[in-house]
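As a plain string of letters, each chain reads:
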Amino acid sequence: MAAMIRHRTVEANGIAMHVAEAGDEGSQRVVVFLHGFPELWYSWRHQMGHLAARGYRCVAPDLRGYGATDAPPDVASYSAFHVVGDVVALLDALGLGKVFVVGHDWGAIIAWYLCLFRADRVTALVNTSVAFMRHVFIRAGAAAVKTTDYFNRTYGPTYYICRFQEPGVAEKEFSPANARYIVRQILCNRFTSSAAGGGKPAVERAAGGEPLPSWLTEADVDHFASEFERTGFTGGINYYRNMDRNWELAAPWADAKVMVPTKFIVGDGDLTYHYPGIQDYIHKGGFKADVPMLEDVVVVPGAGHFIQQEKADEVSNHIQDFFSKF
């Protein structure tokens, strides 16, 4: 991470948002990075350095509920409308019209909604890890199944998305006092299908003294852990508690297409690449039908969920190659 990172707080959509930036503030080529759970702007440190060195202005907020950005107490204020509203308001506050967007995990979900709701603000999208899944994101069609019901039927009640629904329950498992251990476990097990499937909650599994993978340092773990020790995990968990609400609110877009030039990157070991039917959807025309301007799908061998950190150079190069066309 060679780039100098600048930090500021911006008032946007009624909250104070912490934003990390790198690169030339005068550049017209702006990339907005949207992180996932349980992460921070810091997840994009490698990509910010790479793109800043190549003339891009990089903007990476802590999303609402995370890090140094405000965390409203009301669960309902973590809907997709709120978070997309935050992104649009952030662009307005920074005087930015159209931008490049890169998303991962929840950031990818927010980016899909952003491109559905406000395609006019997005030049091109690189999304990682979470493909566009209409049935999960949007109430669409007579046979529509509520998001949490879908995950409950598919994986059972111990699945993490199901466990996260009941206020207070997930907070016991994800206590701020255990933040270092939790962050380390989640990043190291890379959110494989076995890791997310319940059984025993992460914190009850054998205390991990295993060495960190080569792509993660103790200083990286320190950065994530110190923030979550301070804020707790409730803000991030509240995104999951809005999945059914988002699905209902998005009904006006039941048959809408994502009309933004898009590249999608996923690790072959990522839990999200092993959802039932997802590989057929991604590779056999369904994804392209929903995202007509999908130009490329990249499956990275040997990569798990935290792909922008695990395969930093590869992901950075894919982003740069795609955005250089525009």
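Residues numbered from 1 in each chain as written. Predicted model: local features only at pLDDT ≥ 70, side-chain atom pairs only at ≥ 80, totals over all residues. Heavy atoms only, no water.

### A word on the overall build of the chain
Rules: Each helix is a run of DSSP H or I of at least 4 residues and each strand a run of E of at least 2, with the numbering of both proceeding from the N terminus. Here the radius of gyration uses the C-alpha set of atoms, whereas the globule reference equals 2.2 Å times the residue count to the power 0.38. Summary of the burial criterion: residues with accessible area below 20% of their type's maximum are buried, those above 50% are exposed, and those between are partly exposed, where the area comes from a 1.4 Å probe applied to protein chains only. Any two residues whose heavy atoms approach within 4.5 Å are treated as being in contact. In this tally Asp and Glu are treated as negative and Lys and Arg as positive; neither His nor the chain ends contributes. To locate a charge, the coordinates of NZ of Lys, CZ of Arg, CG of Asp or CD of Glu are taken.
Scanning the chain from N- to C-terminus turns up 16 helices and 8 strands. Taken against the 2.2 N^0.38 rule, which gives 20 Å for 326 residues, the C-alpha radius of gyration of the chain at 18 Å falls within 12% of a compact globule. Relative to its 326 residues, the chain shows a buried fraction of 59%. Here the analysis covers contacts within the chain between residues at least 6 apart in sequence; of these, 76% occur between residues at least 24 apart. With 30 positive and 36 negative side-chain charges, the chain shows a separation of 3 Å between the mean positions of the two kinds.

### Side note on the sheet that holds strand E4 (residues 57-61)
Convention followed: Any two strands with at least two DSSP-identified bridges between them are counted as paired. Think of each axis as a best-fit line through the C-alpha atoms, taken over the contacting stretch in the case of a helix, with angles from 0 to 180 degrees between the N-to-C directions.
With respect to topology, 8 strands assemble into an open sheet ordered E1-E2-E4-E3-E5-E6-E7-E8, the strand pairing being mixed. The sheet is open, and its two edges are formed by strand E1 (6-12) and strand E8 (294-300), each paired on a single side. Across the sheet, the mean angle from the axis of one strand to that of its neighbour is 20°, orientation sign disregarded. When strand E7 (residues 262-267) meets E8, the two strands line up parallel, connected through 6 bridges. From the neighbouring strand, Lys263 faces E8, where its bridge partner is Asp296. Against the sheet, helix H2 (residues 80-93) touches E1, strand E2 (15-22), strand E3 (30-34), E4 and strand E5 (99-104), its axis set at about 110° to E1.

### Some remarks on the packing of aromatic side chains
Filter applied, for reference: The pairing test for Phe, Tyr and Trp rings, Trp by its six-membered ring, is centres within 6.5 Å, and the orientation test on the planes gives stacked under 30 degrees, edge-to-face over 60, and tilted for anything in between.
In this structure the tally under the stated criterion is 38 aromatic pairs. With 5.5 Å between their ring centres and 65° between their planes, Trp106 and Tyr239 make a pair best called edge-to-face. Residue Trp106 is located in helix H3 (residues 106-117), and its partner Tyr239 is located in helix H11 (residues 234-240); the two are separated by 133 residues in the primary sequence. Judged on exposure class, the residue Trp106 and its partner Tyr239 are both buried.

### Some remarks on the side chain of Asp86
Assignment of secondary structure puts Asp86 in helix H2. Other than its neighbours up to four places away in sequence, Asp86 contacts Ala12, Asn13, Ile15, Met17 and Arg64.

### Thoughts on the UniProt feature "domain: AB hydrolase-1" (unreviewed entry) in the chain
Put simply, the rule is: UniProt positions are given in the numbering used here, feature names are shortened, and annotations may be inferred rather than shown by experiment.
Within the UniProt annotation, "domain: AB hydrolase-1" (unreviewed entry) is assigned to residues 30-130. The distance from the first to the last C-alpha atom of residues 30-130 is 23 Å, and the span holds 34% helix and 23% strand.

### Side note on the packing of helix H8 (residues 179-189) against helix H10 (residues 218-231)
The packing of two helices is summarised by the inter-axis angle and the distance between the axes. Short version of the rule: Any angle that is under 35 degrees is reported as roughly parallel, and any over 145 degrees as roughly antiparallel; angles of 65 to 115 degrees are reported as roughly perpendicular and all others as oblique. For any helix crossing, the convention is left-handed if the near helix is rotated counterclockwise from the far helix by under a right angle, and right-handed if that rotation is clockwise. Three classes are used: nonpolar for Ala, Val, Leu, Ile, Met, Phe, Trp, Tyr, Cys and Pro, charged for Asp, Glu, Lys and Arg, and polar for all others, with Gly counted as polar.
Between H8 and H10, whose axes approach to 8 Å, the crossing angle comes to 130°. With respect to each other, H8 and H10 are oriented oblique. Considering how the two elements wind past one another, H8 and H10 form a crossing that is right-handed. Of the residues in H10, those touching H8 at Ala179, Arg180, Val183, Arg184 and Leu187 are Glu218, Val221, Asp222, Phe224, Ala225, Phe228 and Glu229. Grouping the constituent residues of the contact of H8 with H10 by class yields 7 nonpolar, no polar and 5 charged.

### A word on the nonpolar core
Definition in use: Buried Ala, Val, Leu, Ile, Met, Phe, Trp, Tyr and Cys residues that are joined via side-chain atoms within 4.5 Å together make up what is termed a nonpolar core.
By size, the foremost hydrophobic cluster in this structure holds 115 residues, and its most contacted members are Met48, Phe132, Phe137, Phe287 and Phe323. When residues of this core are assigned to their parent elements, the largest contribution, 11 residues, is made by H3. With residues up to four places along the chain from it excluded, the contact list for Phe132 reads Trp112, Leu116, Phe137, Ile138, Val258, Tyr281, Phe287, Asp290 and Val291.

### Topic: the environment of Lys98
Counting through the fold element by element, Lys98 comes out in the loop between H2 and E5. C-alpha separation for the pair Lys98 and Glu314, spaced 216 residues apart in sequence, amounts to 25 Å. Residues within four places of Lys98 in sequence aside, it is in contact with Asp120, Arg121, Val122 and Thr123.

### Structural notes on the state of the cysteines
Basically, it comes down to this: Disulfide assignment relies on a single distance test, namely cysteine sulfur atoms paired within 2.5 Å.
Under the counting rule described, the total for this entry stands at 0 disulfides. Here Cys58 stays unpaired: no disulfide links it, and the sulfur of Cys115, its closest cysteine neighbor, is 18 Å away.

### A closer look at the environment of Asp74
Here is the rule we go by: In protein, a polar contact means a hydrogen-donor-capable atom and an acceptor-capable atom, both N or O and within 3.5 Å, with residues adjacent in sequence counting only if both atoms are side-chain atoms; elsewhere, any N or O pair within 3.5 Å suffices.
Relative to the elements of secondary structure, Asp74 occurs in the loop between E4 and H2. Classification of Asp74 as partly exposed rests on a relative accessible area of 46%. Spatially, the C-alpha atom of Asp74 lies 8.9 Å from that of Asn238, the residues being 164 residues apart in sequence. Side-chain polar atoms of Asp74 contact the backbone nitrogen of Ala76, separated by 3.2 Å.

### As for helix H1 (residues 45-52)
By the criterion of burial, H1 is predominantly enclosed, with 7 of the 8 residues buried. For H1, the complete set of buried residues consists of Arg45, Gln47, Met48, Gly49, His50, Leu51 and Ala52. If you follow the buried residues of H1, they end up packed against E2, E3, E4, H10, helix H15 (307-310) and helix H16 (312-323).

### Some details on the pattern of salt bridges
Which entries qualify depends on this criterion: Put simply, a salt bridge is a Lys or Arg side-chain nitrogen that is within 4 Å of an Asp or Glu carboxyl oxygen.
Applying the stated criterion across every chain, the model contains 19 salt bridges. Ionic pairing is found between Glu25 and Arg6, a salt bridge with its closest N-O pair at 3.5 Å. Note that Glu25 is positioned in the loop between E2 and E3 and Arg6 in strand E1, a separation of 19 residues in sequence. Owing to a relative accessible area of 44%, Glu25 belongs among the partly exposed residues under this scheme. Given a relative accessible area of 27%, Arg6 falls into the partly exposed group. When salt bridges with common partners are traced through the structure, they connect Arg6, Arg8, Glu21, Glu25 and Arg57 into a single cluster.

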